[in-house]
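Each chain, written out:
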Amino acid sequence: MKAVWLEHQQLELRTDIPTPTPSPGEALVRVLRAGICNTDLELLRGYYPYQGIPGHEFVGVVEQGPPNLLGRRVVGEINAACGKCRFCLTQQPTHCENRTVLGIVNRNGAFADYLTLPVQNLHLVPHSVSTDAATFTEPIAAALEIQQQLSIHPEWRVLVVGDGKLGQLIAQTLALTGCDLLAVGRHRDKLQLLENRGIKTGFADAVVDRSFDLAVECTGNPEGFTIARRSLRSRGILVLKSTYTGNLTIDVSSLVVDEITLLGSRCGPFVPALQLLAEFRVDVEPLIQAKYSLDDAIAAFNHAQKRGTLKVLVDVAGS
């Protein structure tokens, strides 16, 4: 089959990759669409020593699997858990000690004609959701994980730092809680997308120090962390949605003195993410800036690496 292969921080389009054979309990999925995520770009930069097919945001059609899924469009949770470790036994499969992760850890991903995932990871795409929109299910779920970890109160002042792909979705989903929300970034055109949704926006100078209850950092750079940290009043909560290629230097003493809660946040729930898409409560189509064929996937990655780019999709099936 045809696939994008990552090795030694280099991408190559290959046509000699065997079509995967699903293990017991898994399904074979023909990929329709795949989205390029910041994690994919960080893997390319060496964030984690991954070798194989990248890609974890996808929509596909089940070609081998249970009858209720055959021929149906699906999206898939990216963590394939063992079902036996302490995390699995306590219903925390995203932290399975033996997990593989689609396109990230020991499992080939979505920039290919086919992929395999456990059947239990797959979710049917509602008929009302377009294939392009459904590609955003995984990052919307990641945005919603914040609300799984915290109860957001309407009276809270909440700051989202970052107007990129994930920041856009985090701001949209947090806005649904009714909190007093401000999203800040560097790009007027991106902030305008959020303003079109009725969300208050600004640049970094709009952030008043020590005035927010919750700050979400999703820029992946030290400056974003600094803005988020200085925004918090005592006993505020700082949520980190970014992975960082390098080390991050922080003033730990100030976290102690102000009794700041530091919360890491990543994978989230697919069912409510699909429901938001089906009910048109989040708007993802304006975030798509380009679409490439699988044959042009290397060019797609080059485009996605340009500063300021939002979502680049790979139309794997040419549909």
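Residues numbered from 1 in each chain as written. Predicted model: local features only at pLDDT ≥ 70, side-chain atom pairs only at ≥ 80, totals over all residues. Heavy atoms only, no water.

J.: Quick rundown of the sheet that holds strand 14 (residues 232–240)? Include the residues and the values.
T.: One key point about sheets: their strands pair by backbone hydrogen bonds, in either a parallel or an antiparallel sense. Ordered by their spatial adjacency, six strands build an open sheet running 12-11-10-13-14-15, and the pairing between neighbours is parallel. Only two strands of the sheet have a single partner each, and these edge strands are strand 12 (200–202) and strand 15 (261–264). With strand direction ignored, the average angle separating the axes of adjacent strands in the sheet is 20°. Pairing of strand 13 (residues 212–217) with strand 14 involves five bridges; the strand directions are parallel. (Pairing = 2+ DSSP bridges. Helix = DSSP H or I, 4+ residues; strand = E, 2+ residues; numbered from the N terminus. Axes fitted to C-alpha atoms, helices over the stretch in contact; angles between N-to-C directions.)

J.: Quick one: what's the story with the UniProt feature "domain: Alcohol dehydrogenase-like N-terminal" (unreviewed entry) in the protein chain, residue by residue and with numbers?
T.: Per the UniProt annotation, the sites labelled "domain: Alcohol dehydrogenase-like N-terminal" (unreviewed entry) are residues 24–126. Between the end C-alpha atoms of residues 24–126 the distance is 26 Å, and the span holds 12% helix and 33% strand. (UniProt positions renumbered as here; feature names shortened; annotations may be inferred.)

J.: Run through the packing of helix 4 (residues 137–149) against helix 5 (residues 165–175), naming residues and quoting values.
T.: The N-to-C vectors of helix 4 and helix 5 enclose an angle of 50°; their axes lie 9 Å apart at closest approach. As judged from the angle between their axes, helix 4 and helix 5 are oblique. Seen along the crossing, helix 4 lies across helix 5 with a hand that is right-handed. Of the residues in helix 5, those touching helix 4 at Pro139, Ile140, Ala143, Leu144, Ile146 and Gln147 are Leu166, Leu169, Ile170, Thr173 and Leu174. Classifying every residue of the contact of helix 4 with helix 5 gives nine nonpolar, two polar and no charged. (Parallel < 35°, antiparallel > 145°, perpendicular 65-115°, else oblique. Left-handed = near helix turned anticlockwise from the far one by under 90°. Contact = heavy atoms within 4.5 Å. Nonpolar A, V, L, I, M, F, W, Y, C, P; charged D, E, K, R; others polar.)

J.: Lay out the state of the cysteines with the relevant residues and their values.
T.: This structure, assessed with the given rule, holds zero disulfides. Its sulfur unpaired, Cys37 is 9.8 Å from the next cysteine sulfur, which belongs to Cys267. With no disulfide of its own, Cys218 has Cys37 as its nearest cysteine by sulfur position, at a separation of 12 Å. Here Cys218 falls in the buried class, since its relative accessible area comes to 12%. (Disulfide = S-S within 2.5 Å. Buried < 20%, exposed > 50% of the residue type's maximum accessible area, 1.4 Å probe, protein only.)

J.: Hey, could you go over the pairing of strand 5 (residues 73–76) for me, with residue numbers and the actual values?
T.: Every second residue of strand 5 is oriented toward a common face, with Arg73 and Val75 on one face and Val74 and Gly76 on the other, all of them buried. For strand 4 (residues 57–64) and strand 5, the ladder comprises two bridges, and the chain directions are antiparallel. Within strand 5, the residue paired with Val61 across the bridge is Arg73. Here strand 5 runs beside strand 9 (residues 122–124); their pairing, made up of three bridges, is antiparallel. By the bridge assignment for strand 9, Val75 is matched with His123.

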